[in-house]
Amino acid sequence: MKIIITKNYNDLSSKAVEFVVKEILRKKSAILGLPTGGTPMGLYRKLIKMKIDFSKIKIFTLDEYYGLDKNSNNSYYYYMKKYLFSHINIPEKNIYTLNGKAKNIDKECYQYEKLIKKNPIDLIVLGIGKDGHIGFNEPGSSLNSKTRLVNLDPSTRKANSIYFNNKIENVPKKALTVGISTIMSAKKILLLASGIEKADIIRNALKEDMSKDVPASVLKLHSHLTVILDNRASLNI
Ligand code: F6R
């Protein structure tokens, strides 16, 4: 595991973009797994400015709210379209997302997992929830878990309510997510964390023993894990 501590969020985003671009330049047809949320916004802004060629890149997103139409303002598809996809030259056919309104959710998850097996992810970028979730793998998730429908923790729904007019009741109770084993199957993992509110969980995940209660703690088992933190998120390590 390599830990890079940066002095602020802007530097974290610069280091993260450097890492991602290096991977794309190394392999023009790289397959990426990308998250939504506040943390990767700076990375996406910088990536867009670099005008990198995405014509051969494939991108898998990590999760989606259950029951939300992909065109709803709160869907993760909409987020990725707004903050990344519509600004880069990635062909639509190279974008893989989970459909939160699929008629047969089990089949949707099974097929996504199969697609990832067929297109092994070179680099997966992750944020981390305050409860240690990665993707939407909440505490208690099994190391062997694959893409599936999960219940969201009340703390995750509360954190994400900022995107739902601060009304927790508007945040879906379930989501589709790639599993822990899906994440661990990526050739490289880049974990990003910013802000003081992530300092405790970063300590638990990186410095304490591995535990099902802290899903991100299993990342330590990966042979190519890089963690980029800003000064605040690194305060307790
Ligand atoms: C989102 C995702 C989540 C977020 C996590 C942190 O696609 O997979 O695991 O990375 O909830 O979110 P932020 O960055 O908003 O703190």
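Look up a bit, the structure's there.
Below is a summary of the structure that appears in this document.

**Considerations on the pattern of salt bridges**
Going through the model one piece at a time under the given rule, you end up with eight salt bridges. Of the charged contacts in the structure, one is a salt bridge between Lys-15 and Glu-18, with a shortest N-O distance of 3.8 Å. Here Lys-15 pairs with Glu-18, and both are found in helix 1 (residues 9-26), just three residues apart, close to one helical turn. Residues participating in the shared-partner salt-bridge network are Glu-23, Arg-26 and Lys-188.

**Structural notes on the packing of aromatic side chains**
Inspection of every chain in the model, using the stated rule, returns seven aromatic pairs. Each ring, one from Tyr-65 and one from Tyr-76, has its centre 4.8 Å from the other, and the planes form 55°; the classification is tilted. Placement of Tyr-65 in strand 4 (residues 63-65) and of Tyr-76 in helix 3 (residues 76-83) is noted, with a sequence separation of eleven residues between them. Across the pair, Tyr-76 and Tyr-65 agree in class, each one buried. Measuring from centroid to centroid gives 4.8 Å for Tyr-79 and Tyr-83, while their planes differ by 55°, and the two rings are tilted. On the criterion of helical spacing, the pair formed by Tyr-79 and Tyr-83 is a turn pair, its members being four residues apart in helix 3.

**Quick look at the site of the ligand**
In the region of the ligand, 13 residues are neighbours, and Thr-39, Asp-63, His-133, Gly-135 and Lys-198 sit closest. For the ligand, an oxygen atom lies 2.9 Å from a polar atom in the side chain of Thr-36. Within the complex, the protein chains bury 89% of what would otherwise be the 410 Å² of accessible surface of the ligand. Among the cavities detected, the one that contains the ligand is the largest pocket. Of the residues belonging to the shell around the ligand, the class tally is three nonpolar, eight polar and two charged.

**Some points on the sheet that holds strand 7 (residues 148-151)**
Neighbouring strands of a sheet are bound in pairs by backbone hydrogen bonds; such pairs are parallel or else antiparallel. If you trace the three strands from one edge of the open sheet to the other, you get 4-8-7, paired in antiparallel fashion. The two strands at the open ends of the sheet, each matched to only one other strand, are strand 4 and strand 7. Strand after strand, the sheet turns through a mean of 30° between neighbouring axes, direction not considered. Bridge count for strand 7 against strand 8 (residues 174-177) is four bridges, and the pairing is antiparallel. Among the inter-strand pairings, Arg-148 is bridged to a residue of strand 8, identified as Thr-177.

Conventions used here
- Residues numbered from 1 in each chain as written.
- Predicted model: local features only at pLDDT ≥ 70, side-chain atom pairs only at ≥ 80, totals over all residues.
- Heavy atoms only, no water.
- Salt bridge = Lys/Arg side-chain N within 4 Å of Asp/Glu carboxyl O.
- Helix = DSSP H or I, 4+ residues; strand = E, 2+ residues; numbered from the N terminus.
- Phe/Tyr/Trp six-rings, centres within 6.5 Å; stacked < 30°, edge-to-face > 60°.
- Buried < 20%, exposed > 50% of the residue type's maximum accessible area, 1.4 Å probe, protein only.
- Near = heavy atom within 4 Å.
- Polar contact = N/O pair within 3.5 Å; in protein donor to acceptor, adjacent residues only side chain to side chain.
- Areas by Shrake-Rupley, 256 points an atom, 1.4 Å probe, with all protein chains shown as cover.
- 1 Å grid on protein atoms, 1.4 Å probe; cavity = no way out; pocket = protein on both sides within 12 Å on 5 of 7 lines; lining within 4 Å.
- Sits in = over half its atoms within 2 Å of the grid points.
- Nonpolar A, V, L, I, M, F, W, Y, C, P; charged D, E, K, R; others polar.
- Pairing = 2+ DSSP bridges.
- Axes fitted to C-alpha atoms, helices over the stretch in contact; angles between N-to-C directions.

By themselves these figures say nothing about function.
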